[in-house]
Amino acid sequence: MSPSSNPPSDPESHDLFLKRWQLQLRKGLLVYLVLAVLSEGESYGYRLISSLGDYLGSDMAEGTIYPLLSRLQRQGLIESRWQIMDSGPARKYYSIKPGGREVLAAMKDRWEQIHQLLKRVSTP
Amino acid sequence: MTVAAPEFLEKEAVQSWRDYFARVDALCSALTARQKRDIQMEVKAHLLESLVHSSGASEIDRLRAAMVRLGSPDAFVPGWVADSLLSDSIPGEGIRSLWQLLKWNARRGISRLLASLALGFGYFVAFYLFVMASLKPIFPENVGLITTGDGLTFLGYVDSTEMVDHLGYWLVPLGFGLSFFLIWFLGRMVGRLSRED
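The structure reproduced in this document is the subject of the present report. Just so it is clear, the model here is predicted, and its values are computed rather than measured.

### Observations regarding the overall build of chain B
Counting secondary structure elements, chain B contains 6 helices and 3 strands. Helices and strands in chain B line up, N terminus first, as α-α-α-α-α-β-β-β-α. Counting over 197 residues, chain B shows a buried share of 40%. Across chain B, contacts joining residues at least 24 apart in sequence account for 56% of those joining residues at least 6 apart.

### Structural notes on the overall build of chain A
Secondary structure assignment for chain A yields 4 helices and 3 strands. Evaluated residue by residue, chain A yields a buried proportion of 31% over its 124 residues. Contacts spanning at least 24 positions in sequence make up 54% of the contacts within chain A whose residues lie at least 6 apart. Carbon and sulfur atoms make up 54% of the accessible area of chain A, which amounts to about 8300 Å² in all.

### A closer look at the interface of chain A and chain B
By a widespread convention, an interface's size corresponds to the accessible area lost as its parts come together. Taken together, the contacts link 18 residues of chain A with 20 residues of chain B. Approximately 1800 Å² of surface area, both sides summed, lies buried where chain A meets chain B, with 59% of it carried by carbon and sulfur atoms. On the chain A side of the contact with chain B, Y46(A), Y66(A) and R74(A) bury the most area, a combined 36% of that side's loss. Connecting chain A to chain B are 4 salt bridges. Two residues, E62(A) and R69(B), come together in a salt bridge whose shortest N-O distance is 3.6 Å. On inspection of chain A and its partner chain B, the count reaches 12 residue pairs in polar contact (both at pLDDT 80 or more). The set of elements that each furnish at least two residues to the side of chain A that touches chain B consists of α2 (45-51), α3 (65-74) and β3 (91-96) of chain A. Per element, the largest residue contribution to the side of chain A that touches chain B is 5 residues, and it comes from α3(A). Grouping the constituent residues of the side of chain A that touches chain B by class yields 10 nonpolar, 3 polar and 5 charged.

### Structural notes on the packing of helix α1 (residues 11-38) of chain A against α3(A)
All names here are of chain A. Contact geometry for α1 and α3: axes closest at 11 Å, N-to-C directions at 70°. In terms of orientation, α1 lies roughly perpendicular with respect to α3. Here α1 contributes L30, V31, V34, L35 and L38 to the contact with α3, which in turn contributes I65, L68, L69, R71 and L72. Tallied by class, the residues present in the contact of α1 with α3 amount to 9 nonpolar, no polar and 1 charged.

### A few points about the sheet that holds β3(A)
Pairing is antiparallel across the open sheet formed by 3 strands, whose spatial order is β1-β3-β2 (chain A). Where the open sheet ends on each side, the last strands, each with one partner, are β1 (43-44) and β2 (78-83) of chain A. Relative to β3(A), β2(A) is paired through 6 bridges, and the arrangement is antiparallel. Residue pairing in the sheet places W82(A) in a bridge with K92(A) of β3(A). This element, α3(A), spans β2 and β3 of chain A of the sheet and lies at about 115° to β2(A). Relative to β3(A), helix α2 (residues 33-52) of chain B is tilted by about 100°, and along the sheet it contacts β1, β2 and β3 of chain A.

### A closer look at α2(B)
Here α2(B) is 20 residues long and its end C-alpha atoms lie 29 Å apart, about the 28 Å a rise of 1.5 Å per residue gives. Counting buried residues along α2(B), 14 of its 20 residues qualify, which places the element largely inside the surrounding structure.

### Digging into the packing of helix α1 (residues 11-27) of chain B against helix α3 (residues 59-70) of chain B
All names here are of chain B. Contact geometry of α1 with α3 gives a least axis separation of 8 Å together with a crossing angle of 20°. Taken as axis vectors, α1 and α3 run roughly parallel relative to one another. Of the two elements, α1 crosses α3, and the hand of that crossing is left-handed. Residues E12, A13, S16, W17 and Y20 of α1 form the contact with α3, whose participating residues are E59, I60, L63, R64, M67 and L70. In the contact of α1 with α3, the residues fall into 7 nonpolar, 1 polar and 3 charged.

### A closer look at the nonpolar core
Among the nonpolar cores identified, the biggest contains 53 residues, and L30(A), V34(A), I65(A), L69(A), Y20(B), V43(B) and L47(B) are the most heavily contacted of them. Excluding residues within four positions of it along the chain, V43(B) makes contact with Y20(B), F21(B), L70(B), F76(B) and W80(B). Membership of the second largest hydrophobic core comes to 5 residues, among which are L119(B), A126(B), L129(B) and L182(B).

### Some details on the pattern of salt bridges
One pass over the full model with this rule turns up 9 salt bridges over all chains. Note that E49(B) is salt-bridged to R91(A), the shortest N-O span being 3.3 Å. Pair noted here: E49(B) is in helix α2 and R91(A) is in strand β3, and the two residues belong to different chains.

### Quick notes on the environment of V125(B)
With respect to the helices and strands, the residue V125(B) is situated in helix α5 (residues 94-135). Measuring from C-alpha to C-alpha, the distance between V125(B) and I183(B) comes to 9.7 Å, with 58 residues separating the pair along the chain.

Rules of the game
- Residues numbered from 1 in each chain as written.
- Chains lettered and ligands numbered in written order.
- Predicted model: local features only at pLDDT ≥ 70, side-chain atom pairs only at ≥ 80, totals over all residues.
- Heavy atoms only, no water.
- Helix = DSSP H or I, 4+ residues; strand = E, 2+ residues; numbered from the N terminus.
- Buried < 20%, exposed > 50% of the residue type's maximum accessible area, 1.4 Å probe, protein only.
- Contact = heavy atoms within 4.5 Å.
- Areas by Shrake-Rupley, 256 points an atom, 1.4 Å probe, with all protein chains shown as cover.
- Buried area = accessible area lost by both parts, 1.4 Å probe.
- Salt bridge = Lys/Arg side-chain N within 4 Å of Asp/Glu carboxyl O.
- Polar contact = N/O pair within 3.5 Å; in protein donor to acceptor, adjacent residues only side chain to side chain.
- Nonpolar A, V, L, I, M, F, W, Y, C, P; charged D, E, K, R; others polar.
- Axes fitted to C-alpha atoms, helices over the stretch in contact; angles between N-to-C directions.
- Parallel < 35°, antiparallel > 145°, perpendicular 65-115°, else oblique.
- Pairing = 2+ DSSP bridges.
- Expected span 1.5 Å × (residues − 1).
- Left-handed = near helix turned anticlockwise from the far one by under 90°.
- Core = buried A, V, L, I, M, F, W, Y, C linked by side-chain atoms within 4.5 Å.

Now the structure itself:
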């Protein structure tokens, strides 16, 4: 039997694997978080990103949020309006629609199921 | 359509702002004036607010920090543009917007294909130079930048006595140097293309 030719397993490749996995996870959860932030009140791009704190990290550009907001708006989950400011440029405020709240509630349920599953499979 | 730079005191900051929005503008070319203005206004509002919260000794430092956090326009504007085109395709001007989206995607696809072909050709040239530089010490009389008796000049292998070798052993350092430079440069280009995705 010939020896298997698996790629080398070293700490560096583990780090890279984890980094990519975390990035995918954070990207996947971004929709949920954006809807959750907007469920607490309307917000605009910069403030929304600030509400997420360090969640985006250094490997996800802040600009990533804008195509996502545009998509959520197209899907009818959120809506937007321009607000003229007394000083500074106009801001585009986003708010969650009733359909968005329903989707958010369903996502919370799914997340709870995943959480329970994780607890179950990670308990020896 | 350009977005006027805020009143920066440093020329470098004004230039940086203009370059950034010129790129945003170029990426929004498929959009209507209203859609384009929406994106530009939102990017402008974000950058200005981010600028206020940026730390740095000079305007240009703060502006660059804000731009780095927001990301290169190539990293987020294309997705935004595609979505704007789709958004407006639903209610009113459907066919026109869908046609714009198709054209925009086709243009991006073709430019990606051309870039990939150019990169592939670049790697082929780097490999060829590496092989020629490696073969020169083994076949010193036959390998080089050669002009044959027929007046044909090329880099390669020739089995003939009627020829002129223009580089001699210089082919070895030049071939290896150019080959490694090309691999480094193409690697950077591949990284850039991947980030744009």
